[in-house]
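The primary structure of each chain is shown beneath.
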Amino acid sequence: MGSCHGVGVTQEALGPEDYESVQRAEELLRARGLSQRITLNEATTAWRQLVDQVEGGYGWCVDEYTNDLTARDWLDEAWPVLTSRVRAAREPELAAIDARFRAATTDDDGELLAHFFRVGRRSGWWWRRRPLHLVGQFAEDARRAGVL
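Here's what I pulled together on the structure shown here. From a predicted model like this one, the values you see are computed outputs, not experimental measurements.

**Regarding the packing of helix α1 (residues 16-31) against helix α3 (residues 62-78)**
Two elements in contact, α1 and α3, have axes separated by 10 Å at closest approach and are oriented at 125°. Accordingly, the angle class assigned to the pair α1 and α3 is oblique. Here the hand of the crossing between α1 and α3 comes out right-handed. Where α1 approaches α3, its residues A25, E26 and L29 are matched on the opposing element by W74, E77 and A78. Broken down by class, the residue content of the contact of α1 with α3 amounts to four nonpolar, no polar and two charged.

Structure (structure tokens):
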């Protein structure tokens, strides 16, 4: 299994232009300041790991949570730069992680996070959801903000 430029699919499935699109996305997002050095695979893994934590009850502080949400921002920004073949190869995995996140969170229109972070109208849907199970420091942060 090849993973040139963090695509994570067999090299036979994709051509050079597909790998170049992944590299372009990574370079573009670095230039925009979204990451110093992150790949498509790393962003996907970070998003999956956040969802794993949210499903079990997110206990880190709200600042960590907002930082962790930026992995999904990265994927959202990279998506249009990727070729249709890369998107098609990665869409099932991203859709499954997104579905897990939706199931482990509730829509609060960004109310909780807006107490700590600027959630704009153009922010992704993931910024408008909060974990169903808040524990530890995150629960304390939410209580102090008067949201719980």
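The rest of the description comes next.
**Here we look at the pattern of salt bridges**
Taken as a whole and assessed by the stated rule, the structure comprises 11 salt bridges. Salt-bridge contacts for R128 lead to D109; the nearest nitrogen and oxygen are separated by 3.8 Å. One end of the pair, R128, is in the loop between α5 (111-114) and β2 (129-131); the other, D109, is in the loop between β1 (105-107) and α5, with 19 residues separating them in the sequence. Residue classification places D109 among the exposed residues on the basis of a relative accessible area of 60%.

Here is what the cut-offs are and how they apply
- Residues numbered from 1 in each chain as written.
- Predicted model: local features only at pLDDT ≥ 70, side-chain atom pairs only at ≥ 80, totals over all residues.
- Heavy atoms only, no water.
- Axes fitted to C-alpha atoms, helices over the stretch in contact; angles between N-to-C directions.
- Helix = DSSP H or I, 4+ residues; strand = E, 2+ residues; numbered from the N terminus.
- Parallel < 35°, antiparallel > 145°, perpendicular 65-115°, else oblique.
- Left-handed = near helix turned anticlockwise from the far one by under 90°.
- Contact = heavy atoms within 4.5 Å.
- Nonpolar A, V, L, I, M, F, W, Y, C, P; charged D, E, K, R; others polar.
- Salt bridge = Lys/Arg side-chain N within 4 Å of Asp/Glu carboxyl O.
- Buried < 20%, exposed > 50% of the residue type's maximum accessible area, 1.4 Å probe, protein only.

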